[in-house]
Amino acid sequence: MEYISTRGAAPALDFEAVTLAGLASDGGLYLPREWPRFSEAEIAAMAGLSYVELAVRVMQPFVGSSLSEAELRELCEGAYGRFAHAAVTPLRQFDQQQWLLELFHGPTLAFKDVALQLLGRLFETFLARRDQRLTIVGATSGDTGSAAIDAVAGRDNVDIFMLHPRGRVSDVQRRQMTTVLAPNVHNIAIDGSFDDAQAMVKRMFGDKDMTARFRIGAVNSINWARLMAQVVYYFAAALQLGAPERRVAFAVPTGNFGDVFAGYVAAQMGLPIERLIVATNINDILHRALANGDYSAGTVTPTAAPSMDIQVSSNFERLLFDVGGRDGAAMAQQMRGFEASKAMQLTNAQREGAASLFSSARADANETARAMAWAHEHYGEVIDPHTAIGLHAARAADLPAHVPVVTLATAHPAKFRDAVERATGLRPSLPNRVGNLMEREERFVELPGTYEAVAAYVAEHATPSA
Ligand SMILES: *Cc1c(COP(=O)(O)O)cnc(C)c1O
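Residues numbered from 1 in each chain as written. Predicted model: local features only at pLDDT ≥ 70, side-chain atom pairs only at ≥ 80, totals over all residues. Heavy atoms only, no water.

**Examining the overall build of the protein**
Next up, step 1: A tally of regular secondary structure across the protein gives 19 helices and 15 strands.
Next up, step 2: Scaling as 2.2 N^0.38, a compact globule of 466 residues should have a C-alpha radius of gyration of about 23 Å, and the protein matches this with 20 Å.
Next up, step 3: Each principal axis of the C-alpha atoms in the protein carries an extent, and together these give about 60 × 50 × 50 Å.
Next up, step 4: When burial is assessed residue by residue, the protein has 62% of its 466 residues classed as buried.
Next up, step 5: When contacts within the protein are restricted to residue pairs at least 6 apart in sequence, those whose partners lie at least 24 apart make up 76%.
Next up, step 6: Accessible area for the protein stands at about 16,700 Å²; split by element, carbon and sulfur atoms hold 47% of it.
Next up, step 7: Measuring between centres, the 42 positive side-chain charges of the protein sit 1 Å from its 52 negative side-chain charges. (Helix = DSSP H or I, 4+ residues; strand = E, 2+ residues; numbered from the N terminus. Rg over C-alpha atoms; globule rule 2.2 N^0.38 Å. Buried < 20%, exposed > 50% of the residue type's maximum accessible area, 1.4 Å probe, protein only. Contact = heavy atoms within 4.5 Å. Areas by Shrake-Rupley, 256 points an atom, 1.4 Å probe, with all protein chains shown as cover. Lys, Arg positive; Asp, Glu negative; His and termini not counted. Charge placed at Lys NZ, Arg CZ, Asp CG, Glu CD.)

**Describing the UniProt feature "domain: Tryptophan synthase beta chain-like PALP" (unreviewed entry) in the protein**
Next up, step 1: Residues given the UniProt feature "domain: Tryptophan synthase beta chain-like PALP" (unreviewed entry) here are residues 89-326.
Next up, step 2: Counting secondary structure, residues 89-326 comes out at 42% helix and 20% strand; the distance between its end C-alpha atoms is 33 Å. (UniProt positions renumbered as here; feature names shortened; annotations may be inferred.)

**A look at the pattern of salt bridges**
Next up, step 1: Tallied over the full model, the rule gives 27 salt bridges.
Next up, step 2: Put simply, Arg326 and Asp322 hold a salt bridge, and the shortest N to O gap is 2.6 Å.
Next up, step 3: What makes Arg326 partly exposed here is its relative accessible area of 24%.
Next up, step 4: Residue Asp322 is classed as buried on the basis of its relative accessible area, which comes to 14%. (Salt bridge = Lys/Arg side-chain N within 4 Å of Asp/Glu carboxyl O.)

**Some points on the site of the ligand**
Next up, step 1: The local shell around the ligand holds 15 residues, among which Lys112, Asp143, Gly255, Asn256 and Thr410 are the closest.
Next up, step 2: For the ligand, whose accessible area on its own is 380 Å², the fraction buried by protein is 98%.
Next up, step 3: Along the lines of polarity and charge, the residues of the shell around the ligand split into five nonpolar, seven polar and three charged. (Near = heavy atom within 4 Å. Nonpolar A, V, L, I, M, F, W, Y, C, P; charged D, E, K, R; others polar.)

**Observations regarding the sheet that holds strand β9 (residues 248-253)**
Next up, step 1: Strand order across the open sheet formed by six strands is β3-β4-β14-β9-β10-β13, with mixed pairing between neighbours. Both edges of this open sheet fall to β3 (91-93) and β13 (358-362), since each of them pairs with a single strand only. Each adjacent strand pair in this sheet contributes to an overall mean axis angle of 25°, direction not counted.
Next up, step 2: Here three bridges tie β3 to strand β4 (residues 98-102), and the two strands are oriented antiparallel to one another. Looking at the pairing, Leu91 lines up with Leu101 of β4.
Next up, step 3: Strand contacts of helix α12 (residues 285-292): β10 (273-280) and β13, with the helix running at about 135° to β13, the strand carrying the most contacts. (Pairing = 2+ DSSP bridges. Axes fitted to C-alpha atoms, helices over the stretch in contact; angles between N-to-C directions.)

**Brief notes about the sheet that holds strand β8 (residues 216-217)**
Next up, step 1: Here five strands make up an open sheet; going across it, the order is β8-β5-β6-β7-β15 and the pairing parallel. Whereas interior strands pair on both sides, the edge strands pair on one side only; in this sheet they are β8 and β15 (445-447).
Next up, step 2: Direction of pairing for strand β6 (residues 158-165) relative to strand β7 (residues 185-190): parallel, over a ladder of six bridges. Bridge assignment links His164 to a residue of β7, and that residue is Ala189.

**Observations concerning the packing of aromatic side chains**
Next up, step 1: One pass over the full model with this rule turns up 22 aromatic pairs.
Next up, step 2: A ring pair is formed by Phe257 and Phe316, whose centres lie 5.0 Å apart and whose planes are at 80°; its orientation type is edge-to-face. Here Phe316 lies in helix α13 (residues 316-323) and Phe257 lies in the loop between β9 and α11 (258-268), a separation of 59 residues in the sequence. In this pair, the class of Phe257 matches that of Phe316, namely buried.
Next up, step 3: Seen from the ring of Phe338, Lys342 lies directly overhead, with NZ or CZ sitting 5.7 Å from the centre.
Next up, step 4: Residue placement shows Arg395 over the ring face of Trp374; its charged tip is 3.8 Å from the ring centre. (Phe/Tyr/Trp six-rings, centres within 6.5 Å; stacked < 30°, edge-to-face > 60°. Lys NZ or Arg CZ within 6 Å of the ring centre and 35° of its normal.)

**A word on the UniProt feature "modified residue: N6-(pyridoxal phosphate)lysine" (unreviewed entry) in the protein**
Next up, step 1: Summarizing the sequence annotation, UniProt attributes the feature "modified residue: N6-(pyridoxal phosphate)lysine" (unreviewed entry) to Lys112 in the numbering used throughout.
Next up, step 2: Inspection of the secondary structure puts Lys112 in helix α5 (residues 112-130).
Next up, step 3: Of the residues examined, Lys112 reaches a relative accessible area of 10% and is grouped as buried.
Next up, step 4: Sequence-distant contacts of Lys112, that is, excluding residues within four places in its chain, are made with Asp143, Thr144, Ala147 and Arg226.

**Description of the packing of helix α3 (residues 51-63) against helix α4 (residues 69-80)**
Next up, step 1: Relative to each other, α3 and α4 sit at 130°, their axes nearing to 9 Å. Compared by their axis directions, α3 and α4 come out oblique. Between α3 and α4 lies a crossing whose hand is right-handed. Contacts from Tyr51, Val52, Glu53, Ala55, Val56, Met59, Gln60 and Val63 of α3 reach α4 at Glu69, Leu72, Arg73, Cys76, Glu77 and Tyr80. (Parallel < 35°, antiparallel > 145°, perpendicular 65-115°, else oblique. Left-handed = near helix turned anticlockwise from the far one by under 90°.)

**Looking at the nonpolar core**
Next up, step 1: Of all hydrophobic cores here, the largest spans 112 residues; its most connected members are Tyr80, Trp224, Phe235, Phe250 and Phe358.
Next up, step 2: Take this core: its biggest share by element is 14 residues, from helix α10 (residues 224-240).
Next up, step 3: The residues contacting Phe358, other than those within four sequence positions of it, are Phe257, Val260, Tyr264, Arg275, Leu276, Val278, Leu290 and Leu319. (Core = buried A, V, L, I, M, F, W, Y, C linked by side-chain atoms within 4.5 Å.)

**A few points about the pairing of β7**
Next up, step 1: Counting buried positions along β7 gives six out of six residues, so the element sits mostly inside the fold.
Next up, step 2: Residues of β7 alternate between two faces, with Val185, Asn187 and Ala189 on one and His186, Ile188 and Ile190 on the opposite face, all of them buried.
Next up, step 3: One crossover worth recording links β6 to the parallel β7 by way of helix α7 (residues 171-178), and it is right-handed.
Next up, step 4: Alignment of β7 against β15, held across three bridges, turns out to be parallel. Each bridged residue has a counterpart across the sheet, and for Ala189 the counterpart in β15 is Glu446. (Right-handed = clockwise from strand over helix to strand, strands pointing away.)

**Let's talk about the side chain of Asp143**
Next up, step 1: Within the secondary structure, Asp143 sits in helix α6 (residues 143-152).
Next up, step 2: Residue class for Asp143 comes out buried when judged on its relative accessible area of 4%.
Next up, step 3: Separated by 2.8 Å, the side chains of Asp143 and Ser307 make a polar contact.
Next up, step 4: Once residues lying within four places of it in the same chain are set aside, the contact partners of Asp143 are Ala110, Lys112, Gln173, Ser307, Lys415 and Phe416. (Polar contact = N/O pair within 3.5 Å; in protein donor to acceptor, adjacent residues only side chain to side chain.)

Here it is in structure tokens:
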């Protein structure tokens, strides 16, 4: 399988190279040259497979010859063996139409573990094979950081530098990053927003001084391998609900458009998805873009769902490229316009292409709290604010009664227990697997929100790639 950049001017790479590269050298994002497609019979034959076997089946076409089937299976067994539920991503029912897909049974309590536990193992395998080192630089609104750090802490050949916006992640989120004291883990709190942090990370990929000395790798969902791993649970849920005979809709709490783009990929592969409902909080650039073609970034407003406090959704570029005719030169020009003015208008082809599968909704603070209260009062389910935004959108969606709607439960409620307590009166306790998180020693540095300060820190503390 070959991967190409959305901006048309970077070399095509195989799966191994694309995993280590992260962002393409032309500033674009990598996508498979074409979508692998399963027949209806092939999808029907996946029913009843274990999560690991399903993951191997769904991911093998993307991995191509970079891993043998046995190698891929071993990595999946390692990654999904760390989940606290035998089903890995169990499905729960609210009522005749509404379902919840629990993606938070991994080590750091958010769905990011599903992809990052695998990605950490892919890095280790590929780097050992090449005898190379990787300097991972990432930006986190909270959950990517802890999941990535858990996935690579103490591994050979990898240093990780994780930027988080100071004071804008929850205590639990911060401690899950800063209490990991492995020498290859470097936490940086910057003055600024997640978008500022993400922009610095993207800039480092294009910084010739840095890339000459370090092989810079990505753990954000700009890394294709992350999205690939997330495609699996769309198949898992839909199969349980009767696919391929029955069509299923998904409501996805969205920030960087990674998780919901994985649903789009599942649909391209032949999974019969009725609708993908993009759920945002009041930082609603994606809702505006899908509703009326207006993709313009405002300023970020902090909410109870900080992992979605994002105005620039990196992976949206992948969708616009794919539905807009896969024209790299045109995409590069459109994105240059966006980067200059922080605003762009979708083309008609992009709007129509997106509208065929996606709809969107936004939830404000009251709607988010009401969705948490509804789940608790009616079904005894305690859900986190991100999940609640998805559930709000799922219940507001206008879908035929026979179409099941699966809300992706992206975080464990204990990760955001202050917001959960305000909405439900209940304070969820942290599961045993996180241990004595609130007592452990923390380690992180605080840096001003400038690229120069961050680059200098990374240069000083990373091991050169030799
Ligand atoms: C990262 C995250 C999201 C948003 O996912 P994207 O892939 O960025 O759209 C939603 N909820 C939680 C809990 C998250 O950690």
